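Okay, here's what each chain looks like letter by letter:
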Amino acid sequence: MPTGWAQKKGTTAQPLDKIEVQRNSGPVGGELKGMYAWLAYPNTNIVFANTYQTETAITQQGDSGALAIRTITGEVVGHVVGGTGQVASYIQEIDYQLRSIAAQAPFAGISL
């Protein structure tokens, strides 16, 4: 029986890995600083799990959902979920997103 994409072992990016974000205005490079198990945005009810932080802000308003790729391997790291002005951008890990989707009953049998 084929293994579904949610069960495959993913590759977790590491601090200082170079990434490229496919922004609306064109691709931009950056570097990962680290990962939060949980990231809460101040003054909101928004909390993201398994979220990378970039060394500097590399996204802008409207870039949420943009694909982030680990440049050394070409693997998808995740999708942009936000940023904090001129400080940093935040990217939620793709493996977490896929596991969350697969946990929903309508998608439990999906495989790639």
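For the structure given in this document, a descriptive report is provided here. (Residues numbered from 1 in each chain as written. Predicted model: local features only at pLDDT ≥ 70, side-chain atom pairs only at ≥ 80, totals over all residues. Heavy atoms only, no water.)

**Points about the packing of aromatic side chains**
Right, on to step 1. This structure, assessed with the given rule, holds three aromatic pairs.
Right, on to step 2. Between Y41 and F48, the ring centres sit 5.8 Å apart and the planes meet at 70 degrees, which makes this aromatic pair edge-to-face. We note that Y41, like F48, is buried.
Right, on to step 3. Taken together, the ring pairs connect Y36, Y41, F48 and Y90 into an aromatic cluster. (Phe/Tyr/Trp six-rings, centres within 6.5 Å; stacked < 30°, edge-to-face > 60°. Buried < 20%, exposed > 50% of the residue type's maximum accessible area, 1.4 Å probe, protein only.)

**Digging into helix α1 (residues 94–102)**
Right, on to step 1. Among the residues making up α1, those that are buried are I94, D95, Q97 and A102. Projected down its long axis, α1 carries its buried residues within an arc of 160 degrees, all on one side.
Right, on to step 2. Turning to α1, the residues buried within the fold contact β5 (76–84) and β6 (88–93). (Helix = DSSP H or I, 4+ residues; strand = E, 2+ residues; numbered from the N terminus. Arc of directions from axis to C-beta. Contact = heavy atoms within 4.5 Å.)

**Looking at the sheet that holds β5**
Right, on to step 1. Pairing is antiparallel in the closed barrel, where six strands are placed in the order β1-β2-β3-β6-β5-β4. Across the sheet, the axes of successive neighbouring strands diverge by a mean angle of 50 degrees, strand direction being ignored.
Right, on to step 2. Direction of pairing for strand β2 (residues 26–40) relative to strand β3 (residues 47–54): antiparallel, over a ladder of seven bridges. Residue pairing across strands places W38 opposite A49, the latter belonging to β3. (Pairing = 2+ DSSP bridges. Axes fitted to C-alpha atoms, helices over the stretch in contact; angles between N-to-C directions.)

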